[in-house]
Amino acid sequence: GKRIRASVLFSDIRNFTPLAESQPPEETIDLLNTYYTLMFDAIGGNGGIVSMMMGDGLMAIFGAPVPLPGHCESAVRAALEMMEMVELFNLERSAGGKPTIAIGVGIASGDMVAGYTGTTKRATYTCIGDTVNLAARLETHTKVAERAILIDAVTRAGLPERIATEGLGTVTLK
């Protein structure tokens, strides 16, 4: 691993378990495949890479393995594009008589260690550290804050003024 400064994004589909239980497994796989295609496009189109997919959630890195100037802005733009894509996806789902989805996104920026982890037979590129943990906690906190996207102060400081944000105050996260 190598110490880097980057942004990390976590995303999760809200109320996924009840949705998956309410439909045949084939429909759930189709939903996930379409959803992930859209999310990968938004993330990759803004310079990020998806490091992990965990059920209905994912983790993306902006600024590694290749440095990315403006990684804070790239991560936030990806999150905004993800929201737009979910809206369009929901229009299609509604037209087909299927339930819509909602997602939560947490983004944190700062120092972390990034690199390959695993074995000689299977490895994945990932990052670890307090910044990564904070991004995961922010994604979880979107439910409590009733906001689709939450970012930390470091990410906010890395954004141009033209990107509007709303301060929610200080929150203590686990």
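Note that the coordinates shown come from a computational prediction; the quantities given were computed from them, not determined experimentally.

What counts as what
Residues numbered from 1 in each chain as written. Predicted model: local features only at pLDDT ≥ 70, side-chain atom pairs only at ≥ 80, totals over all residues. Heavy atoms only, no water. Helix = DSSP H or I, 4+ residues; strand = E, 2+ residues; numbered from the N terminus. Rg over C-alpha atoms; globule rule 2.2 N^0.38 Å. Buried < 20%, exposed > 50% of the residue type's maximum accessible area, 1.4 Å probe, protein only. Contact = heavy atoms within 4.5 Å. Areas by Shrake-Rupley, 256 points an atom, 1.4 Å probe, with all protein chains shown as cover. Lys, Arg positive; Asp, Glu negative; His and termini not counted. Charge placed at Lys NZ, Arg CZ, Asp CG, Glu CD. Expected span 1.5 Å × (residues − 1). pLDDT = per-residue confidence, 0-100.

**Considerations on the overall build of the chain**
Okay, so step 1: Check the secondary structure of the chain and you find 5 helices and 6 strands.
Okay, so step 2: Each helix (α) and strand (β) of the chain, taken in turn from the N terminus, gives the series β-α-α-β-β-α-β-β-α-β-α.
Okay, so step 3: For a compact globule of 174 residues, the expected C-alpha radius of gyration is about 16 Å, and the chain comes in at 16 Å, within 12% of that figure.
Okay, so step 4: For the chain, with 174 residues in total, the buried portion stands at 45%.
Okay, so step 5: Sequence-distant contacts, at least 24 apart, represent 66% of the contacts inside the chain between residues at least 6 apart.
Okay, so step 6: Accessible surface for the chain amounts to roughly 9,600 Å². Of this, 55% is attributable to carbon and sulfur atoms.
Okay, so step 7: Measuring between centres, the 15 positive side-chain charges of the chain sit 8 Å from its 19 negative side-chain charges.

**Some points on helix α3 (residues 71-95)**
Okay, so step 1: In this model α3 runs 36 Å from its N-terminal to its C-terminal C-alpha over 25 residues, within 8% of the 36 Å that 1.5 Å per residue would give.
Okay, so step 2: G97, located one to two residues past α3, shows a positive phi value of around 75°.

**Thoughts on the confidence of the model for the chain**
Okay, so step 1: Residue-level pLDDT values for the chain average 95, and 100% of them are 70 or greater.
Okay, so step 2: Within the chain, no element has a lower average pLDDT than strand β5 (residues 123-128), which sits at 93, and none a higher one than strand β3 (residues 57-62), at 98.

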